[in-house]
Amino acid sequence: MSVTAPAGFTAAGVAARPGGEGAPDLALVVNEGPTRAAAGVFTSHRLPSAPVLWSAQVLRGGAVGAVLLDTANAHACTGPLGFQDVHAVVERTALAVGRDAAQVAFAATGRIGVRASLGTLLPAVDLLAERAHEFGGERAAQALAPAPGPPVTAAVRGEGWTVGGMVAGAAPTSSPVVLTTDAELPAPALEHALRPALGATFHRIGARTAASPGDTALLLASGASRRAPDEAEFADAVRRVCADLARQAVRSAPGATKEIEIEVRGAATEEDALAVGRAIAGDDPLRHAIHREDPDWGRIVAALGGADAAFEPHRLAVTLGGVQVCRDGAAGDDAALVDLRFRAVAIAVDLGVGTRSATVWTTDLPAAGAAAP
């Protein structure tokens, strides 16, 4: 599992404190090659963090030899001196792993507006490089794990090649996302796989596609398998890994007692299906009702009616927990038959006007934004 499931990668995780012991909060992933193609997607936030600014420059070259990940400090809103700090950390990382600094990416999440302590961080980088090995993926993932919660990792195997990944935090704030593969593909093929995968998974967590200053998603290819898979097959594998990571991130949300899947079908367009799904996901009274295990399907209808999407009121159907509680725009089966005692809750809505569909995931926590860049 994780980022070292594909061949050609080493990784490590340490605590950014003297000795590097305790719960890790700093991770390193090194692409050992033979190729170093990479793609990245970054935040749309108007105040991108210093690591985002740095890494966006790196990704313009289409190659990444190593990624440093800090989950204790976002390195955001720290001004020119904060960018100098990031430059110093990247230069130290490049020296420690034997890479050109122009091919070292940096991703971070954590406190905003606080400069890093280089006296602590730089020695930790050296320790990471010493400890990086081919079985270090799980330790690296522990540095990204939500608190409290297990590491969020996934892998999918193709014919002689693999895609692996890990994500920081828990939904809806899951970022950075790091994916690796030993497939032999160029940077444009990686980007063509990464963007749609994020759009179909992480971007469908929560009620809106909000962004944070450090949102980063990276896909690195080592080429170690010497296999060049069909690009459509590869893109499907990337999407499956992202879907697995996104669902785990929802499951790991601290304080959540319900994982809610909202499937909207019968829509005129996919955009309409997403609009309805997000409207339902953003309805606080509905989530509160589900938290109380109250099958108040009227909240679902109330929420979708406010979405900017076409639907046929007299053909509308709503299924909650496997029971069709609304049929043809009116009450259907007895809502008392709905059993909401389980953690997983399924909502299905048929708008009755088309053939397009989309799925959105949320929890019974208060409304929040999406999870990745």
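Since the structure is predicted, the reported quantities are computational estimates derived from the model, not experimental observations.

So, how was this worked out
- Residues numbered from 1 in each chain as written.
- Predicted model: local features only at pLDDT ≥ 70, side-chain atom pairs only at ≥ 80, totals over all residues.
- Heavy atoms only, no water.
- 1 Å grid on protein atoms, 1.4 Å probe; cavity = no way out; pocket = protein on both sides within 12 Å on 5 of 7 lines; lining within 4 Å.
- Points joined across faces, edges and corners; volume = space filled by probe spheres on them.
- Helix = DSSP H or I, 4+ residues; strand = E, 2+ residues; numbered from the N terminus.
- Nonpolar A, V, L, I, M, F, W, Y, C, P; charged D, E, K, R; others polar.
- Pairing = 2+ DSSP bridges.
- Axes fitted to C-alpha atoms, helices over the stretch in contact; angles between N-to-C directions.
- Expected span 1.5 Å × (residues − 1).
- Buried < 20%, exposed > 50% of the residue type's maximum accessible area, 1.4 Å probe, protein only.
- Contact = heavy atoms within 4.5 Å.
- Salt bridge = Lys/Arg side-chain N within 4 Å of Asp/Glu carboxyl O.
- Core = buried A, V, L, I, M, F, W, Y, C linked by side-chain atoms within 4.5 Å.
- pLDDT = per-residue confidence, 0-100.

A short note on empty space enclosed by the protein
Evaluated as defined, the whole model comprises 1 cavity of 30 Å³ or more. If you add up the space inside the largest cavity, you get close to 30 Å³. Lining the largest cavity are I260, I262, I280, A281, L286, R287, I290, I347 and T362. For the lining of the largest cavity, the secondary-structure elements that each account for two or more residues are strand 10 (259-267), helix 7 (270-281) and helix 8 (284-291). By residue number, the principal contributor to the lining of the largest cavity is helix 8, which donates 3 residues. A breakdown of the residues in the lining of the largest cavity according to their chemical character gives 7 nonpolar, 1 polar and 1 charged.

A word on the sheet that holds strand 1 (residues 9-14)
Two strands in a sheet stick together by hydrogen bonds in their backbones, pointing the same way (parallel) or opposite ways (antiparallel). Read across the sheet, 4 strands follow the order 1-2-4-5 without closing on themselves; strand pairing throughout is mixed. Edge strands, defined here as strands with exactly one partner in the open sheet, are strand 1 and strand 5 (104-108). For this sheet, the mean inter-axis angle between neighbouring strands, taken without regard to orientation, is 15°. Of the pairings in the sheet, the one linking strand 4 (residues 66-70) to strand 5 comprises 5 bridges and is parallel in character.

A short note on the layout of surface pockets
Quantified by volume, the second largest pocket comes out at close to 160 Å³. Taken together, A16, D25, D70, A72, N73, R111, V114, A116, S117, T120 and L121 make up the lining of the second largest pocket. Each residue belonging to the lining of the second largest pocket can be placed in one class, and the counts come to 5 nonpolar, 3 polar and 3 charged.

Brief notes about helix 7
The end-to-end C-alpha separation of helix 7 is 16 Å, in line with the 16 Å expected for 12 residues at 1.5 Å each. All buried positions along helix 7 are accounted for by D272, A273, L274, V276, G277, R278, I280 and A281. Here the buried face of helix 7 lies against strand 10, helix 8, helix 9 (298-305), strand 14 (344-350) and strand 15 (356-363).

Digging into the sheet that holds strand 12 (residues 323-327)
Spatial strand order, 13-12-11-14-10-15: 6 strands in an open sheet with mixed pairing. In the strand order of this sheet, the two ends are held by strand 13 (330-331) and strand 15, each with one partner. Two strands pair when backbone bridges link them, and strand 11 (residues 317-320) and strand 12 are joined in this way by 3 bridges, in the antiparallel orientation. Residue V318 lies in a different strand from strand 12, and its bridge partner there is C326.

Quick notes on unusual backbone geometry
Residue G33 is joined to P34 through a cis peptide bond whose omega torsion reads 25°. Mapped onto the fold, P34 is located in the loop between strand 2 (26-31) and strand 3 (37-42). One non-glycine residue, E293, lies in the positive phi region at around 65°.

Looking at the pairing of strand 12
Strand residues, when the strand is regular, have side chains that alternate between the two faces of the sheet. Linking strand 11 back to strand 12 in an antiparallel pair, the connection comprises 2 residues, with G321 at a positive phi of about 60°. Here strand 12 runs beside strand 13; their pairing, made up of 2 bridges, is antiparallel. In the strand pairing of strand 13, C326 is matched with A331. The turn joining strand 12 and strand 13, which pair antiparallel and follow one another in sequence, is formed by 2 residues; a positive phi near 55° is taken by D328.

Observations regarding the environment of P186
With respect to the helices and strands, P186 occurs in the loop between strand 8 (177-181) and helix 5 (187-200). A C-alpha to C-alpha distance of 31 Å links P186 and V360, two positions 174 residues apart in sequence.

Brief notes about the pattern of salt bridges
Tallying each qualifying case throughout the model produces 18 salt bridges. With its nearest N and O atoms 2.8 Å apart, the salt bridge here joins D85 to R115. Placement of the pair is D85 in helix 2 (residues 79-97) and R115 in the loop between strand 5 and helix 3 (118-131), with a sequence separation of 30 residues. D85 sits in the buried class, given a relative accessible area of 5%. For D236, the salt bridge identified is with R240, shortest N-O distance 4.0 Å. Here D236 pairs with R240, and both are found in helix 6 (residues 231-251), just 4 residues apart, close to one helical turn. Assessed through its relative accessible area of 42%, R240 is described here as partly exposed.

Here we look at the nonpolar core
Of all hydrophobic cores here, the largest spans 48 residues; its most connected members are L26, V64, L69 and M166. The element best represented in this core is helix 3, accounting for 6 residues. Apart from residues no more than four positions distant in its own chain, L69 is found in contact with D25, L26, A27, V29, A107, L144, M166, P176 and V178. Judged by nonpolar contacts, the second largest core, of 33 residues, contains V152, W161, L179 and V250.

Focus: the confidence of the model for the protein chain
Summing up the model confidence of the protein chain, the mean pLDDT is 93 and the portion of residues at 70 or higher is 94%. Every residue in residues 367-372 scores below 50 in pLDDT, and together they form 30 contacts with partners more than four places removed in sequence or on other chains.

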